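Chain by chain, the residues:
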Amino acid sequence: MDSLPTPSILIDRPRLLANLRRLQSHCDRHGIELRPHIKTHKMVAVAREQLAAGARGLTCAKIGEAEAMLPSGVRSFFIAHSLVDPRQAPRLAALADQLDDLRVAVTSELHFEALERLAGLVGRRLRVMMAVDTGLGREGARDDATAERLAGRLAGSSRLELRGLYSHEGFFYGLPPAEHEAKVASMLDRLAALRDRIDPSLALWPGCSVTAARVVSAAAGRVQAVRPGAYPFGDLYLTRVCASMAPEDQAIHILATVVDKPEPGLALIDAGSKTFSPDRTPDGVHGLPADGRDFAVVRLNEEHGYVRGPATDSLQIGERVLFAPAHVCPVINLTDTVVVMESGRPVATWRVEGRGRTQ
Ligand SMILES: Cc1ncc(COP(=O)(O)O)c(C=O)c1O
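Residues numbered from 1 in each chain as written. Predicted model: local features only at pLDDT ≥ 70, side-chain atom pairs only at ≥ 80, totals over all residues. Heavy atoms only, no water.

Undergrad: Explanation requested: the pairing of strand β11 (residues 266–269) in the structure shown.
TA: Along a regular strand, successive side chains alternate from one face of the sheet to the other. Both faces of β11 are covered, namely the face carrying L266 and L268 and the face carrying A267 and I269. Across three bridges, the pairing between strand β10 (residues 252–263) and β11 is antiparallel. Its bridge partner being in β11, E263 is matched across the sheet by L266. Connecting the antiparallel pair β10 and β11 is a turn made up of two residues, with G265 showing a positive phi of about 85 degrees. Where β11 lies against strand β14 (residues 305–308), three bridges are found, and the strand directions are antiparallel. (Buried < 20%, exposed > 50% of the residue type's maximum accessible area, 1.4 Å probe, protein only. Helix = DSSP H or I, 4+ residues; strand = E, 2+ residues; numbered from the N terminus. Pairing = 2+ DSSP bridges.)

Following this line, the structure appears as structure tokens:
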């Protein structure tokens, strides 16, 4: 590790593979497909591992992300975003040509009209998953009547083919863990009843990293796939805020160097918001040391992290510290490459091919 420049993003490969296999075998045991969202890792190498472990397909937000992941050998992709831009039609057609199964989202009645126009330009019938809002307040039918009306319009469309319903439970990151089980149960009851009223043969694809394992356990034959993104690596949200993952399963860390101790109780590191991203936990933490010492990254400038806490004065200038970040997704999107570690040694460098592919 001493050979690495700082700041560096380190991936613990055995932990990463264990995280992939754990959720995959849970899904396999319950006969549910895992269709990971690649927004977190954006790396062909990780997509390959997910597919090798048994993932049935991948999910992304943007066409550019899907294009970047094609070298993984993926054959099935769901673009979970409200596509509207007619200029994207040729790219969508090219993507469909390279996949066995391309699905896109339909997210409201107004969006349905824009998507129909786009499908006309693509020149082929698009398979769609209908978004249902389960509490995030972003895309998706706000109530069942709206969802059923939209399904009715889809049934009459020659350009769009309804294949299923999906939801994204990002708001679980802000719920007390004690509420997760009951909220997952009521959400599944509602989604499954809605799906059955529209058409029992439609697929139901809920799930994020906080809810995926619980959704799978509670599905009882009602869910066909889950689409978590952050589960391969974990972050302080998943381990400490949501208690969805054990801290010892955290597979990504930021290696930073202590560069100054300008006053008692404060150490400065060479990783700031351009490495950690500005995201922080509800109690204001951008990063915690992997070795459990009692200090935290509590403030960031672009290239400086402010470390405070009772153990701060034990830090030495030049010392290298591994930090778990508050939120993994933007951390990876801020770096061109990650360093792959095994038994404490760097063994490979992976490129983040989907970095910045926001179009
Ligand atoms: C539509 C959709 N599906 C799945 C996910 C994955 O969620 P998570 O990162 O919590 O696993 C996201 C994340 O933003 C999303 O927007």
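Undergrad: When you look at the site of the ligand in this model, what are you seeing that I'm missing?
TA: Every residue near the ligand is listed here: H37, K39, A80, R138, H168, Y173, C208, S209, R227, P228, G229 and A230. Between H168 and the ligand, the recorded distance is 3.5 Å, taken from a side-chain N or O atom to an oxygen atom. Taking A230, its main chain carries an N or O atom lying 3.2 Å from an oxygen atom of the ligand. The protein chains hide 92% of the 390 Å² of surface that the ligand would expose on its own. Tallied by class, the residues present in the shell around the ligand amount to five nonpolar, four polar and three charged. (Near = heavy atom within 4 Å. Polar contact = N/O pair within 3.5 Å; in protein donor to acceptor, adjacent residues only side chain to side chain. Areas by Shrake-Rupley, 256 points an atom, 1.4 Å probe, with all protein chains shown as cover. Nonpolar A, V, L, I, M, F, W, Y, C, P; charged D, E, K, R; others polar.)

Undergrad: Where do I start with the pairing of strand β13 (residues 296–300) in this structure?
TA: In terms of strand pairing, β13 meets β14 through four bridges, oriented antiparallel. Paired with L300 across the strands is G305, a residue of β14. Turn length for the β13-β14 hairpin, with the two strands adjacent in sequence and antiparallel, is four residues.

Undergrad: Is there a simple way to think about the packing of helix α1 (residues 13–29) against helix α2 (residues 44–53) in this case?
TA: The angle between the axes and the distance between the axes are what describe a pair of packed helices. Interhelical geometry of α1 versus α2 gives an angle of 40 degrees and a closest axis separation of 10 Å. On the basis of the axis angle, α1 is oblique to α2. α1 and α2 meet at a crossing whose hand is right-handed. Counting all contacts with α1, which are made through R13, L16, L17, L20 and Q24, the residues of α2 involved are V46, E49, Q50 and A53. Its residues placed into classes, the contact of α1 with α2 shows five nonpolar, two polar and two charged. (Axes fitted to C-alpha atoms, helices over the stretch in contact; angles between N-to-C directions. Parallel < 35°, antiparallel > 145°, perpendicular 65-115°, else oblique. Left-handed = near helix turned anticlockwise from the far one by under 90°. Contact = heavy atoms within 4.5 Å.)

Undergrad: Is there a simple way to think about the domain arrangement of the chain in this case?
TA: You'll often see interface size given as the accessible area lost when the parts meet. Assigned domains within the chain: domain 1 (15–231) and domain 2 (245–351). Between the C-alpha centres of domain 1 and domain 2 the distance comes to 32 Å. Listed per partner, the contact involves 13 residues of domain 1 and 14 residues of domain 2. Contact between domain 1 and domain 2 buries roughly 1100 Å² in total, counting both sides, with carbon and sulfur atoms accounting for 65%. Among the residues domain 1 hides against domain 2, the three largest losses belong to R15, T40 and M43. Together they make up 44% of the total. (Domains from an automatic or database assignment. Buried area = accessible area lost by both parts, 1.4 Å probe.)

Undergrad: I would appreciate a short explanation of the environment of E113 in the present structure.
TA: Tracing the chain through its elements places E113 in helix α5 (residues 109–122). It is 9.7 Å that separates the C-alpha atoms of E113 and R153, two residues lying 40 residues apart in sequence.

Undergrad: Which parts of the structure should I look at to understand the packing of α5 against helix α6 (residues 144–155)?
TA: In contact at an axis separation of 10 Å, α5 and α6 are set at 20 degrees when each is read in the N-to-C sense. Considering their axes alone, α5 and α6 lie roughly parallel with respect to each other. As α5 packs across α6, the resulting crossing turns out to be right-handed. Contact residues: α5 offers E109, F112 and E113, while α6 offers R149, L150, R153 and L154. For the contact of α5 with α6, a count of residues per class yields three nonpolar, no polar and four charged.

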